[in-house]
Amino acid sequence: MLVAPSVLSADFGNLQRDVEAICEAGCDFVHVDVMDGHFVPNLTIGPVVVSAIAKCATKPLDIHLMVENNSFFVDLFAPLNPEYISFHIEEEKHPHRLVQKIRSLGIKPAIVLNPHTPPEAIEFLLEDVDMVLLMSVNPGFGGQKFITSVIEKAKRLKALINKRNPSCLIEVDGGVNDKNIKELKEAGVDVVVAGSFVYKHPNGVKEAISSLKV
Ligand code: DX5
Ligand code: ZN
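Residues numbered from 1 in each chain as written. Chains lettered and ligands numbered in written order. Predicted model: local features only at pLDDT ≥ 70, side-chain atom pairs only at ≥ 80, totals over all residues. Heavy atoms only, no water.

Now for the coordination of the zinc ion (ligand 2). For the zinc ion (ligand 2), the protein coordination sphere consists of His 31 (NE2), Asp 33 (OD), His 64 (ND1) and Asp 173 (OD), at 2.0 to 2.3 Å. In this structure, the zinc ion (ligand 2) is coordinated by six donor atoms arranged in octahedral fashion, with angles at the metal of 70 to 169°. Positions of the donor residues of the zinc ion (ligand 2), expressed as sequence spacing, correspond to H-x1-D-x30-H-x108-D. With His 31 in strand β2 (residues 30–35) and Asp 173 in strand β7 (residues 169–173), the pair connects residues that are 142 residues apart, well separated along the chain. Pair check on accessibility: His 31 and Asp 173 agree, each one buried. (Donors = N, O, S within 2.8 Å, 3.2 Å for Na, K, Ca; no water. Tetrahedral: all angles 85-135°; square planar, octahedral: opposite > 155°, others 65-115°. Helix = DSSP H or I, 4+ residues; strand = E, 2+ residues; numbered from the N terminus. Buried < 20%, exposed > 50% of the residue type's maximum accessible area, 1.4 Å probe, protein only.)

The structure is reproduced here in structure tokens:
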């Protein structure tokens, strides 16, 4: 399992320390949650802070857009050379065009599905993306309860991926911890995002990340 800790749960007064800690602890990606206060009822960070994260991160960035006007935000973050930029299918009228744009900027495109959006909604995008992110909470905040129906959804998505683009990864985001990680693995999930579990673990980020690497 690849692990992408979400810096949303970091201490923003000690952001460099907390980004370096997850990279040194062996995370695979640094997950960055960009929220605009419109698509979701929360407002997080923009290019000034994300570029500070990019400077101290020694692992690739996985930028998760939760915004209206995806294309505008892709232009803002592309210069930071993230590994992935993911956008919500619920907020994009022309997803193939946006996927092509992200790829043309040298970034791997990924699509995000809210908990109620069926995997079949993106069947005909699968051959064009490198990853699908399944939300296991409604986006907007860290520390929410895991929605268990994502397990069945991951299995359905895995079957579609096997048919359309076997190299496409499945990522799950929201409420991930050491209790649900095994079930996620068995459902075919490749990457997990974890915010509060990693940063609020009583024995520190290293032990938290290790416990998710199943
Ligand atoms: C929620 C964000 C998540 C969040 C995960 O909208 O997309 O990445 O930070 O936090 P936890 O792991 O605490 O649910
Ligand atoms: Zn996220």
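This next bit is on the packing of helix α1 (residues 15–24) against helix α2 (residues 47–56). To describe two helices that pack against each other, one gives the angle between their axes and the distance between the axes. At their nearest, the axes of α1 and α2 sit 9 Å apart, and the two run at 45° to each other. Taken together, α1 and α2 sit at an angle that is classed as oblique. Regarding α1 and α2, the two cross each other, and that crossing is right-handed. The residues of α2 that touch α1, namely those facing Leu 15, Gln 16, Val 19 and Glu 20, are Val 49, Ile 53 and Cys 56. Considering only residue class, the contact of α1 with α2 consists of five nonpolar, one polar and one charged. (Axes fitted to C-alpha atoms, helices over the stretch in contact; angles between N-to-C directions. Parallel < 35°, antiparallel > 145°, perpendicular 65-115°, else oblique. Left-handed = near helix turned anticlockwise from the far one by under 90°. Contact = heavy atoms within 4.5 Å. Nonpolar A, V, L, I, M, F, W, Y, C, P; charged D, E, K, R; others polar.)

The analysis is restricted to geometry; functional conclusions fall outside its scope.
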